[in-house]
Amino acid sequence: MIIKTFSIKNFKKFRNETFEFSEGLNIILGPNEAGKSSLAEALITCLFTDPTTRSKKFFNNSRPWGKRKEDKPIFELEFIEGEGEYILRKNFSEREVLLKEIHKNKSITGKTKVANFIEKSLGFPSEDIYRSTGFIGQKDILKVQKSDDFITAVQNASSGEGRDGDIQYVISEIDKEIRQLQKGLKSPSKSPGPIKQTKDALEKKRFELSELDEKWKQIKKKITNLEKKRHKRKKLKNKIEVLEKVLKNHEKYKTARINLEETIKKIKVLSKDIKNIEELDKEIDQMNFKLKKYEKLEGVDLDDLLLNFANIHNDIRLRKETIKQIEQNMERIGKEGTHKYRKPILGITMSVFLILMGVSIYRKSVFLFIVDCAIATAVILFDFFVINKKARKRKTLKQKQEDLNEIAERDEKKLESIMSEYNISTKEQFLSIKSEINSLNLEIEKAKANKLGILGGKTLERLKDEQIDLLTMKKDIEINDLTNEILNSQLDPEEYNRKKIDLERFTKEFKEVHEEILNLEGKLNESGTSLDNLRNLKAEIEELEKNLKYYNYRLKVLIGVEKYLQKALEDTSSLAINILRKDIEQYFPKLTKQNYNKVRIDKKFNLEIYSNKLDDWLDPVDNLSIGTIDQIYFLFRLAFVKLLVKNKKTILILDDPFASYDEDRLENVFNILDKEQQQFQILLLTHETRYKKYGKVTQIY
């Protein structure tokens with residue numbers, strides 16, 4: 001994790017401040033009371049503290065200066081983890097936490113998920129462990145935490161197991177179970193463990209069994225008699241069950257046969273009805289097929305059509321008779337002929353008319369013109385009224401004949417159209433067709449009525465469904481009700497009565513034996529002993545012995561596992577100690593000018609150094625100067641950090657821990673920090689201006 005920016009609102013002296021940091025070594029420079037320690041506390045709070053906390057102590061310590069109590073901290077941390085950039089927001093006023101990946105626009109909410117992500121990114125399992133290693137203040141540099149959690153974290157880190165492989169926790173849990181199993185064995189206890197409880201219960205049950213065995217010998221004869229009675233009762237019960245089953249199967253057979261016969265009758269009736277309906281449908285289809293050739297007459301009023309056909313036929317006959325009479329009249333008129341002098345008279349008249357017309361024009365005589373016109377007119381009128389009377393009469397008859405012929409042709413075409421449309425050639429044929437159609441329709445209606453009578457308000461499909469249901473019922477009776485067992489249970493009346501008498505006899509005998517057994521059991525119960533009690537007690541003892549064997553075996557296994565884990569833990573502690581020692585000795589000789597070059601660390605992580613001058617191991621706190629002690633424990637804490645986070649990039653917060661260093665020591669320690677800033681982002685908070693040359697400076701006032 002590498003921090004880019006950190007924004008603080010409403011935390012101690014910070015109202016609304018934002019700080020920018022770079023990779024490597026950052027020098028946060030400011031005078032005393034400028035807020036350097038508050039900045040370090042704000043950063044640790046942002047990383048580790050749950051924003052849903054209700055701790056009064058926390059809010060009293062973090063209360064902003066000169067502001068209301070209601071104003072609570074708000075933090076926003078922008079950082080790089082791996083290849084991603086993230087923003088962590090914690091709002092203690094709204095009790096909210098959000099972790100957002102900037103470029104992918106993905107978010108994590110929920111305090112547990114966010115805390116796990118931050119812990120993984122930093123490499124520190126808790127705030128306490130971080131404060132004991134990654135956060136180094138001048139007053140706290142000697143305070144290397146020695147708690148079980150801290151030791152476990154170091155062991156896990158050195159073994160590569162992480163938090164999930166907490167050996168110390170496992171050993172602790174195993175030790176608890178061992179103590180629980182052994183509780184009450186060596187000394188009395190109000191709540192003994194399972195081994196002691198099982199032993200006590202087993203001893204008690206064994207004593208009860210010895211007493212019960214004594215009583216059992218006395219009543220064994222009674223029990224033998226009881227067992228015989230029980231055996232007899234069992235045999236009687238079996239006989240009764242067999243007879244009851246035979247009689248019951250016989251009754252089932254009778255019922256099934258009746259049901260089967262009734263079902264077969266229904267199937268026959270229904271099959272006959274279905275067959276009749278299908279035959280009627282076939283007849284209806286045949287009659288409809290016959291009617292199909294008269295489909296053009298379908299929906300036509302046959303009586304109206306017949307009347308129309310007869311009327312047209314009669315009209316044609318009458319018109320033909322009239323035409324025949326006209327032809328006879330015309331033939332008679334034709335024989336009389338026209339006037340024999342008509343053409344000469346008309347020719348002479350026309351000649352005289354033309355001559356007189358020419359003379360009148362030549363002489364310009366109006367009189368001659370009028371006389372000429374009068375003569376011509378008289379001749380024409382004479383021709384029209386006298387000579388051409390018969391011609392006109394013949395013409396009139398001819399016109400009437402033509403009109404009648406036209407009407408007759410039209411009627412004949414109409415008649416032909418009707419005959420063509422309905423395939424009729426004569427009236428008699430039409431009457432025959434009509435009779436056949438009416439007869440077929442009547443038969444169809446009769447067949448449909450018969451069909452409806454058979455259906456009785458149902459449909460053919462419904463009848464077929466009922467037929468299928470009945471056939472299924474028949475098959476079900478034959479398969480399920482009339483099984484081989486049922487069929488073999490048929491009894492004639494004499495055999496049936498005999499078995500019924502046997503059943504009554506066995507039932508009576510069973511009741512008598514059962515009463516005798518109850519009397520014997522009552523006497524045995526009064527004695528306080530029964531075969532079931534004895535068997536149950538033996539079963540309880542057997543179960544307790546099995547449990548005791550299991551608990552002893554589990555205790556043995558747990559003791560062995562605990563020894564093995566303790567050995568593994570010692571090996572892991574040795575590994576952690578070797579790693580820490582090598583890291584310290586990497587820089588220690590140079591810092592101490594070769595005065596001290598060896599370090600020894602025990603299993604509780606207590607530190608000793610080897611003095612070349614004294615040729616002895618020393619406790620540095622009791623034997624060295626403050627400057628040298630600070631150097632040793634700085635390296636000690638740095639070694640712990642490297643062991644915990646391994647190769648992960650993380651943050652070191654140094655709150656002015658080098659105040660007691662002279663220039664040589666300061667130069668040496670900054671040489672170490674220069675090398676370590678490849679892995680760590682270091683935030684060094686100080687008021688010392690002499691540190692400016694070692695890193696990027698952020699001024700704070």
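Above this text sits the structure in question.
Residues numbered from 1 in each chain as written. Predicted model: local features only at pLDDT ≥ 70, side-chain atom pairs only at ≥ 80, totals over all residues. Heavy atoms only, no water.

Trainee: Tell me what's going on with the overall build of the protein chain, and back it up with residues and numbers.
Mentor: Tallying secondary structure elements over the protein chain gives 19 helices and 14 strands in all. For the protein chain, the proportion of its 701 residues judged to be buried stands at 37%. The long-range share in the protein chain, meaning contacts at least 24 apart out of those at least 6 apart in sequence, stands at 73%. Accessible area of the protein chain: about 43300 Å², with a carbon and sulfur share of 51%. (Helix = DSSP H or I, 4+ residues; strand = E, 2+ residues; numbered from the N terminus. Buried < 20%, exposed > 50% of the residue type's maximum accessible area, 1.4 Å probe, protein only. Contact = heavy atoms within 4.5 Å. Areas by Shrake-Rupley, 256 points an atom, 1.4 Å probe, with all protein chains shown as cover.)

Trainee: How would you summarise a nonpolar patch on the surface if you had to cite specific residues and measurements?
Mentor: Taken together, Y553, V557 and V561 make up a surface patch of nonpolar side chains, about 270 Å² in accessible area. Counting through the fold element by element, V557 comes out in helix α16 (residues 531-591). Under the relative-accessibility criterion, V557 is labelled partly exposed at 35%. (Patch = residues over 30% accessible without salt bridge, like charges linked within 9 Å, V, L, I, M, F, W, Y side chains within 5 Å. Salt bridge = Lys/Arg side-chain N within 4 Å of Asp/Glu carboxyl O.)

Trainee: Account for the packing of aromatic side chains, with residues named and values stated.
Mentor: The tally for this structure, following the rule as stated, stands at 15 aromatic pairs. Measuring from ring centre to ring centre gives 5.1 Å for F58 and F59, while their planes differ by 70°; the resulting arrangement is edge-to-face. When sorted by exposure, F58 lands in the same class as F59, which is buried. Arranged with centres 6.2 Å apart and planes meeting at 70°, the rings of F658 and F670 form a pair that is edge-to-face. With F658 in the loop between β12 (650-655) and α19 (663-676) and F670 in helix α19, the pair connects residues that are 12 residues apart, well separated along the chain. Just as F658 is buried, F670 falls in that class too. These aromatic residues form a ring-pair network of at least three members: F6, F11, F58, F59, F75 and F92. One Lys or Arg, R131, reaches over the ring of F135 and ends 6.0 Å from the middle of that ring. (Phe/Tyr/Trp six-rings, centres within 6.5 Å; stacked < 30°, edge-to-face > 60°. Lys NZ or Arg CZ within 6 Å of the ring centre and 35° of its normal.)

Trainee: Could you give an account of the environment of A449, naming the residues involved and the relevant values?
Mentor: When you line up the elements, A449 lands in helix α12 (residues 427-455). Of the residues examined, A449 reaches a relative accessible area of 47% and is grouped as partly exposed. Residues A449 and L280 lie 169 residues apart in sequence; the distance between their C-alpha atoms is 10.0 Å.

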